[in-house]
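# What the coordinates show
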Amino acid sequence: MARFIFITGGVVSSLGKGLMAASLAALLQARGFKVRIRKFDPYLNVDPGTMSPYQHGEVYVTDDGAETDLDLGHYERFTGVSARQTDNVTSGRIYQQIITRERRGDYLGATVQVIPHVTDAIKEFALAETGDLDFVLCEIGGTVGDIESLPFVEAIRQLRNDLGRDQTVFVHVTLVPFIAAAGELKTKPTQHSVKELTSLGVQPDVLVCRCEHPLPDAERAKIAAFCNVRKEAVIPALDAKSIYEVPLQYHAENLDFEVLRAFGITPGLAPDLRRWHDIVDRLHHPEGEVTVGVVGKYVGLPDAYKSLNEALVHGGMANRVKVNIQWIDAELFEAPESDVAARLEPLHAILVPGAFGERGAEGKIQAIRFARERKVPFFGICFGMQMACVEGARNLAGIAQASSTEFGPTEEPVVGIIEEWMSAEGRQKREAGGDLGGTMRLGAYEAVLAGNSHAAAIYGGTRITERHRHRWEVNTAYRERLETSGLTFSGMSPDGELPEIVERPDHPWFVGVQFHPELKSKPFDPHPLFAGFIEAALRQSRLV
Ligand code: GLN
């Protein structure tokens, strides 16, 4: 039976609980254990799919079409284990399920309550499909003491009773702030946080203390004494230069060792961390440098493009170069006095990422035009591919009014909504004007690539599977005119109805994809499109 590691956070949010969970899972994996990580999100949205990236960062999409928290991206990048729908649950989804059951009469006249009904549903979620695993790591979003997270803390308290002491470990992540005026690290917030947690019946076994300065032995002993945790199980966590160093740092601080000890397991051989050393070495010893401009919309918040940022870093690792990313607000190019060329000329490659809505679209189209005309490597992802088609239609195919129906009615819907499409489960349908939540083309879909295409050369094959998250599609009614003007449709859905990849054979590297390749890139296995894009940027850097 699987063992469970429950991870909570205290004092403040943004302590890197998700990275801690991903790192611990990677360390256990490196010791030969089979792991899976799950996330409980206490908010009331059914999933993060309808939230603005400014609220909650990127929405991470799984193969099975779930719109999930961005921490699942870290989990997948660090462990290589594909996340599933069942790995992320919100209070909203739990309540939705309970209320549906209640309306159906499933509770047979009982009063439906937080305990036991909500807590039981949470426990069911934690335990589902875990039979073949050694460790399940469950991270609770938010901070201990939040009203919203109470049922989750109660559920993990009960799980310790249900499963037993040797099957469950509680890890609590807190902050040990440095007070400059006193020149000291302060342990009191950690003490309060643990007090709060124990008042809910959960005594942590391991404490992970985020701090900006090394934690002196005396402070460590003090935390241990006040929080009722062994001193060795108080793990200091200093800020790392790169997230890919975090597993190595935690290992150096004995996190994996202490967690195994808390289960009563005597750790065997040291974990095999060669692949982590290799990627950190690639990061620290680059042999060159490229600068990529990302012309997007949510550029004020790096979390909005989390996976994209990482995939570009992976592309750099593949080529042993440092990738400098310049986040450029597409709206800048819409001002009449803006000098697009001056802003974009210093860049070695241009990427237009996914987006929703019209704001910034014209600026992106200008950036695409620049990349096409100046033969600068260009990568368009989802909305970026759609705008590459609009750009080509307007400026090369002579369709001056070309647009997307996402922006309102248009005479020339080069990008249009589709109401029916095929998935592995059969025909999918949606109504224009229907619900926004969960109604996109979501998750893994196959595509077939033309044998002689650039895309097939990049992938090294002609059948691919990639993750999607979009409502609009490039309209095949325009295919012939776009192709005649130089934009080839080199990847299509297996039924030939939906464009998946477009490219320009007369350009050194111009690729647009309807899916999100960044979601599948891993540091150990950089996505071929990102490896290829950065390679093209490197060639470009030698020209300018
Ligand atoms: N807004 C576009 C659509 O829904 C593109 C979505 C995206 O880039 N993820 O089709």
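Residues numbered from 1 in each chain as written. Predicted model: local features only at pLDDT ≥ 70, side-chain atom pairs only at ≥ 80, totals over all residues. Heavy atoms only, no water.

The next subject is the sheet that holds strand β22 (residues 472-474). The strand order across the open sheet built from 3 strands is β16-β17-β22, with neighbouring strands paired in mixed fashion. Of all the strands in the sheet, just β16 (402-404) and β22 have a single pairing partner and so form its edges. Neighbour to neighbour, the strand axes of the sheet diverge by 30 degrees on average, direction disregarded. Pairing geometry for β16 and strand β17 (residues 412-417), over 3 bridges, is parallel. Across the sheet, the residue bridging to Ser-404 is Val-415, located in β17. (Pairing = 2+ DSSP bridges. Helix = DSSP H or I, 4+ residues; strand = E, 2+ residues; numbered from the N terminus. Axes fitted to C-alpha atoms, helices over the stretch in contact; angles between N-to-C directions.)

Time to look at a nonpolar patch on the surface. On the surface, Leu-44, Tyr-95, Ile-99, Val-114 and Ile-115 cluster together into a nonpolar patch covering about 450 Å² of accessible area. Put simply, the parts of the chain that give the nonpolar patch at least two residues each are α4 (91-104) and α5 (114-127). Mapped onto the elements of the fold, Ile-99 is located in helix α4. A relative accessible area of 48% places Ile-99 in the partly exposed class. (Patch = residues over 30% accessible without salt bridge, like charges linked within 9 Å, V, L, I, M, F, W, Y side chains within 5 Å. Areas by Shrake-Rupley, 256 points an atom, 1.4 Å probe, with all protein chains shown as cover. Salt bridge = Lys/Arg side-chain N within 4 Å of Asp/Glu carboxyl O. Buried < 20%, exposed > 50% of the residue type's maximum accessible area, 1.4 Å probe, protein only.)

Residues in contact with the ligand, as listed here, are Gly-354, Ala-355, Phe-356, Cys-382, Phe-383, Gln-386, Glu-406, Arg-469, His-470, Arg-471, Trp-472 and His-516. Note that an oxygen atom of the ligand is positioned 3.1 Å from one of the side-chain N or O atoms of Gln-386. Contact with the protein chains covers 99% of the free accessible surface of the ligand, which is 290 Å². Those elements that place two or more of their residues in the shell around the ligand are α15 (383-395) and β21 (463-470). A class-by-class count of the residues in the shell around the ligand yields 5 nonpolar, 4 polar and 3 charged. (Near = heavy atom within 4 Å. Polar contact = N/O pair within 3.5 Å; in protein donor to acceptor, adjacent residues only side chain to side chain. Nonpolar A, V, L, I, M, F, W, Y, C, P; charged D, E, K, R; others polar.)

In this section: the pattern of salt bridges. Under the criterion given, the structure shown has 42 salt bridges. One salt bridge connects Glu-331 with Arg-359, and the closest N-O pair in it is separated by 2.9 Å. One end of the pair, Glu-331, is in the loop between β13 (322-329) and α13 (340-344); the other, Arg-359, is in the loop between β14 (349-352) and α14 (361-374), and 28 residues separate them in sequence. Judged by its relative accessible area of 39%, Arg-359 falls in the partly exposed class. Where salt bridges share partners, they join Lys-39, Asp-41, Asp-69 and Asp-71 into one cluster.

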